[in-house]
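Residue-level structural notes
Take a look at the letters that make up each chain.
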Amino acid sequence: MPDKAEVFFDEGVLDFADVDEIVLDVGEEALAEALAHRHRRMIVFQGDEGKAEAAGVVTAGAADVLFDVRDRPISVLYVTDSLKEDTYARERYEEFRRVLEGFAEEANFEYELEALTFSGSKRALGTTWDLMVIDLSYDLDPDAIGRLVETVRGGGLVIFQTPPFDRWRNMWTAFHKSLVTPPYTLDHVGKRFNRRFIRKLKEHDGVWIVDTDEWTAEPEPSEDVDLEVEVKRRERPDLDPPDDAVLPEELYRMCATEDQFRALIRFEELLESNGKTALILTADRGRGKSALLGIAVAGAGVTTDVYDVVVTASEPENVAVLFEFLLEALRELGVEYDVERDDKGNIVYVETDDFVVEYERPSEASEIECDLMVVDEAASIHVPILERILDNNDKVVYSSTIHGYEGAGRGFSVRFLQNVRKRRDVRLIEFKMHEPIRYDSDDPIERWLFDTLLLDAEPADLDKEDLECVKEMRVEFEKPDLRYWFEDPEGEEELRQFIGIYVMAHYRNRPSDVMVLADAPHHEAYALKTETGKIVTALQVAREGTIPRDVITKMRRGYRPPGNVIPDLMVQHHDALDFPRMKGLRIVRIATHPDIMRHGLGSRALKELAKIAKKKDYDWIGTGFGANEELTRFWLRNGFVPVHISPNRNPVSGEYSVAVIRPISEEAEEIINRANFEFRIKLADWLGETHRDLEPEVARLLFEPMSSLRYRPTLTEGQLRRLKKYADMVHTYEIAADAVRELAKAYFLDTEDRPELSEEEELLLITKCLQRWKWADVADVLGEEVPDLMRSLRDLVGLLYEEYKEDLQRSAAVEGIRKAVERLADKGLTGTVIVEVEEGEPKEVIIRREERLEL
Ligand SMILES: CC(=O)SCCNC(=O)CCNC(=O)[C@H](O)C(C)(C)COP(=O)(O)OP(=O)(O)OC[C@H]1O[C@@H](n2cnc3c(N)ncnc32)[C@H](O)[C@@H]1OP(=O)(O)O
Ligand SMILES: Nc1ncnc2c1ncn2[C@@H]1O[C@H](COP(=O)(O)OP(=O)(O)OP(=O)(O)O)[C@@H](O)[C@H]1O
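Residues numbered from 1 in each chain as written. Chains lettered and ligands numbered in written order. Predicted model: local features only at pLDDT ≥ 70, side-chain atom pairs only at ≥ 80, totals over all residues. Heavy atoms only, no water.

1. Some words on the site of ligand 2
With respect to spatial proximity, 20 residues lie near ligand 2, and among them Thr-128, Met-254, Gly-286, Ser-290 and Ala-291 are the closest. Within the side chain of Arg-438, an N or O atom sits 3.3 Å from an oxygen atom of ligand 2. For ligand 2, the protein covers 89% of the area, taking 610 Å² as the surface of the free molecule. Among the elements of the structure, α10 (289–303) and α11 (320–332) are those that each provide at least two residues to the shell around ligand 2. (Near = heavy atom within 4 Å. Polar contact = N/O pair within 3.5 Å; in protein donor to acceptor, adjacent residues only side chain to side chain. Areas by Shrake-Rupley, 256 points an atom, 1.4 Å probe, with all protein chains shown as cover. Helix = DSSP H or I, 4+ residues; strand = E, 2+ residues; numbered from the N terminus.)

What follows is the structure in structure tokens.
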């Protein structure tokens, strides 16, 4: 392959399109720079006319040059909002294709063109392209852009087609239209994200903006650019594997960068290590982590005694590259294999004579023990699952993107890694990969992408003075001006601090979340700021409710109005038809700067929000969250009342979602308290069925009495008799379990004059009686011996029996009366039922002239 390239676009390409020559000049200059640096360059065609043809001209001209440089067909990806017939988007695609096809035939170069829509762009993950055209004329999907731009290789071009900037600034895209939720209309939707996007295109190096109506370019193509360039190639690392390497040399030779090579050496350390060991691989996107993992797994399976390997990631699509390189490595080593795919065609199972590799979803993987566990994209998986995986396995690899198009959160590096570093029973091998694979370091388009989508936003650095402010609670609760944040370059710093807190704290952040924050009509941001001006707690809320009567009528029949999570839930699960008309605030996200969590800032922010809500006549504040003990406690301590728990665990986070609402108005309070009672009754039952695996600590918190509620236990005479015999040590637990359960339920549901039990006692009632666990499992969790637990439970039941004796006897008497009346009725007799009471307690039910019933 030639090392020099002449980046001249053949003017013949202009025969296929009605565009100005400036398009060629810009295209040549951009491609020459890209090839010389092994970077990407970007060209933006903005205008009403001619942009699809202009994109076709540059693509065709560049593909012609690149075909000589690469000596293989040039891969081109075209992405747009729609490919349906008779759409403008399709029309533009056809114009583009006509130019490319026409010129390719004439100039005799080969290319492979693929077209995708934004919604189908996930398919491009893990692929690599020479040239990419993205049509933003109608839609701007930030997630798709984040996903796509990183798949273009160095020496390649990214080409955007956009509306004229002055129109784009004031235009609503398709994404904007999806943000409309009643009672808001499109007029309420913001345009801040587009405006910032345009500004970033203008601010960054490596980006040319061509106006296709005026045929001008910014920057103007330079006269004296040398278009004869030395093509920069990726250099394979010239290193020898260590002398004592366990993995075959062929695999080391497959590494594309020195970082991959070194990562493989660290992987050997994991294989050789005794005891619990975790290898943590971190990198930005496109550093070749997934590929390396595939190579490494193949090596471990073929050359060591590792037999069963489990690979996990949020979605099977995420491990496509891993499996691709696993198979390539096996072919390299001459090992035969069988493959199984899921119904979408993703590889999920590979088997050889020596080992098997299986893909499992994270929550399932966390229950598995295997010889080697590989967790790819760990940042998008919830921390408790990552921890459970390490508890169950001795050799685990976690790989994680630090800044990415999604799953960029650093719950992984902040919470998970901090915890693991403290563990004495785990050997930790950490390795960070820096070198990008698809292009060389310091690529300007990567910089543009990170900046535009705030992928590398960081929370504020806190100095001594800031920390002092936090300690003394010298903080202000502010509603920032989103226009200032997004449209004024000066507001950028605060925006980055705000988003940075989410990036650090949340396990999943998408670029579209930033766009929702910027423009959604019902979303607002709030921030707690130190006196010194640093953002320490970030809050994003959505206004919900005030749903018109006719829509509520539809909701009754199952209609779910968009963007109204809490009202929808209150109608679906509680038939609360008065609720949707009320005015509420749903907290979409809240997070505190990771250096100063647990300093009361989150609670302070919620208090301030409640004040504002009251002042503005809101009825409630609510939220939904993945329930763990800490978070559940946080919400409850701040006056939020549980009203719902999801019936299934989230397959990625592995947590049940809980909805909580804090009433502001009296009317809301009444409805919420009723919903909470209903919820508790359901929970008491669900714990024995769908939620047997709910963390008992969470269940215990969810039962916390939030308002005064009455629940009287009822037993039949037979149940009462067995209960007494169990308490008197005649029966075993199992014989009276049904009756004990009713007693336990009464304890958790009734909030008036209940006896005080310790946390352990409550957990015992939850796990044994409500969740119906085996004694051994209860003992495991509570850290006690089974016989001790048996004794404790019997004592506890004795105590509860005394507490509820009156109710129980009364209910047994009522049951007796019912039976007596039934008997009279069965025999067609009339009679009198007499209840004999002794010291205020019912003792006997007598049917006069008929018979006596013992109680
Ligand atoms: C809808 C959703 O967004 S749900 C997801 C919520 N967000 C996250 O999970 C992101 C990561 N987590 C965070 O950012 C934070 O931990 C938050 C937002 C959950 C809480 O923010 P914080 O500022 O830490 O809250 P705050 O300090 O008021 O309370 C947290 C705990 O610290 C305790 N605490 C408060 N002040 C102090 C103090 N001075 N010293 C020690 N502990 C303290 C509180 O009692 C509370 O403990 P508890 O939950 O056991 O009752
Ligand atoms: N050793 C290698 N040889 C050739 N190509 C490689 C090699 N390693 C990675 N690649 C290619 O580089 C691209 C990025 O690799 P990979 O998907 O492993 O990166 P990643 O760090 O997991 O990031 P991403 O999130 O972008 O997938 C892929 O297209 C892959 O085919």
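On we go.
2. A word on the domain arrangement of the protein chain
Along its sequence, the protein chain is carved into domain 1 (4–221), domain 2 (249–433), domain 3 (464–682) and domain 4 (717–847). Put simply, the middle of domain 3 and the middle of domain 4, counted by C-alpha atoms, are 41 Å apart. (Domains from an automatic or database assignment.)

3. Points about the site of ligand 1
Residues in close proximity to ligand 1 total 23 residues, the closest being Thr-592, Arg-598, Gly-600, Gly-602 and Ser-603. Residue Thr-592 places a side-chain N or O atom 2.8 Å away from an oxygen atom belonging to ligand 1. Note that an oxygen atom of ligand 1 is positioned 3.2 Å from one of the backbone N or O atoms of His-599. Surface burial for ligand 1 is 74%, taken as the share of its 980 Å² of free accessible area covered by protein chains. Going through the elements one at a time, β21 (583–592), α22 (601–615), β22 (620–626) and α23 (629–637) are the ones with two or more residues in the shell around ligand 1. Considering each element in turn, the shell around ligand 1 owes the most residues, 6 residues, to β21. Within the shell around ligand 1, the residues separate by chemical class into 10 nonpolar, 8 polar and 5 charged. (Nonpolar A, V, L, I, M, F, W, Y, C, P; charged D, E, K, R; others polar.)

4. Regarding the packing of aromatic side chains
Applying the stated criterion across every chain, the model contains 24 aromatic pairs. Ring plane angle 65° and centroid distance 5.8 Å describe the contact between Phe-160 and Trp-448, whose orientation is recorded as edge-to-face. In this pair, Phe-160 is assigned in strand β6 (residues 152–162) and Trp-448 in helix α15 (residues 444–453), connecting sequence segments 288 residues apart. Note on Phe-160: relative accessible area 0%, which makes it buried. Through pairs of rings, three or more aromatic residues link up here, namely Phe-160, Phe-165, Trp-168, Phe-193, Phe-197 and Trp-448. (Phe/Tyr/Trp six-rings, centres within 6.5 Å; stacked < 30°, edge-to-face > 60°. Buried < 20%, exposed > 50% of the residue type's maximum accessible area, 1.4 Å probe, protein only.)

5. Considerations on a negative patch on the surface
On the surface, a cluster of negative charge is made up of Asp-10, Glu-11, Asp-15, Asp-20, Glu-21, Asp-25, Glu-106, Glu-223 and Asp-224. Position of Glu-106 relative to the elements: it lies in helix α3 (residues 88–107). Taking the relative accessible area as the measure of exposure, Glu-106 reaches 49% and is therefore partly exposed. (Patch = residues over 30% accessible without salt bridge, like charges linked within 9 Å, V, L, I, M, F, W, Y side chains within 5 Å. Salt bridge = Lys/Arg side-chain N within 4 Å of Asp/Glu carboxyl O. Lys, Arg positive; Asp, Glu negative; His and termini not counted. Charge placed at Lys NZ, Arg CZ, Asp CG, Glu CD.)

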